Structure formats: structure tokens, C-alpha cells
Amino acid sequence: MNKIRRRLRDGELDDLSHLNTGDRSALSDLLQQFELVGFLVERGLVELGDARSIFPNLPRTYAKALPYIAHRREHDADYAAKLERLVRRY
């Protein structure tokens, strides 16, 4: 998770709509984990403050991943919706 996040942050992934299989899988896994955090916060199972403490750079990661998210939303309009709502609350 840290490797793909670091590569995303450093701009090493180029065109996020045309990733190789390994990078696509790693980025998808990262976003799914953050989507789960959003779900848990929405359900009140995790406090927003705790999520902020554990993942202080989540909004920055989300912003860097937006081209990939937009590409995925062409086929799944709700892709990363809980993550997006979580970022708005940060």
C-alpha cells in the first residue's frame, strides 16, 4: 500500500487511465481500503478524527488518484463514492 501511494504522490504512474496490471491492481486495492474507511466513518464505526490521524494525507492521495477514479467512473458511476464523501469531510 505504501509503495503505490508513494509512487502516486511522486508522479511516477504517468497516465492513470492506462496503468499496467500490477499498478492498476495496487491502486485499486489502495482506493478500496480508503473506501472501506469512508464506509466505517459513515456508519459511525470509526471516528472521523481517528481517520484523519491515521491517514492524514488521504485527501492528497485522493486528489492524485482523481484521473484514475474518473476513468473508473466511466463504467461505474459510484466508484470511490464513499471515499469522496470522506475527503469532503476532512
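Our structure's up above, just so we're on the same page.
Residues numbered from 1 in each chain as written. Predicted model: local features only at pLDDT ≥ 70, side-chain atom pairs only at ≥ 80, totals over all residues. Heavy atoms only, no water.

(A) View of the nonpolar core. Judged by nonpolar contacts, the single largest core of 24 residues is most densely connected at Leu16, Leu27, Leu31, Leu58, Tyr68, Ile69 and Leu83. Mapped onto this core, the elements with two or more residues apiece are α1 (2–9), α2 (21–42), α3 (48–54), α4 (58–73) and α5 (81–89). For this core, the element with the most residues is α2, which contributes six residues. Discounting chain neighbours no more than four positions away, the residues touching Leu31 are Ala65, Tyr68, Ile69, Tyr79 and Leu83. (Core = buried A, V, L, I, M, F, W, Y, C linked by side-chain atoms within 4.5 Å. Buried < 20%, exposed > 50% of the residue type's maximum accessible area, 1.4 Å probe, protein only. Helix = DSSP H or I, 4+ residues; strand = E, 2+ residues; numbered from the N terminus. Contact = heavy atoms within 4.5 Å.)

(B) Layout of the side chain of Thr61. Of note, Thr61 is situated in helix α4. When residues no more than four places from it in sequence are discounted, the contact partners of Thr61 are Arg5, Leu8, Leu30 and Phe34.

(C) Structural view of the packing of α2 against α5. The contact between α2 and α5 brings their axes to 7 Å, and the two run at 65 degrees. For α2 against α5, the interelement crossing comes out left-handed. Facing Leu31, Phe34, Glu35, Val37, Gly38, Phe39, Val41 and Glu42 of α2, the residues of α5 in contact are Ala81, Lys82, Leu83, Arg85, Leu86 and Arg89. For the contact of α2 with α5, the per-class residue count stands at eight nonpolar, one polar and five charged. (Axes fitted to C-alpha atoms, helices over the stretch in contact; angles between N-to-C directions. Left-handed = near helix turned anticlockwise from the far one by under 90°. Nonpolar A, V, L, I, M, F, W, Y, C, P; charged D, E, K, R; others polar.)

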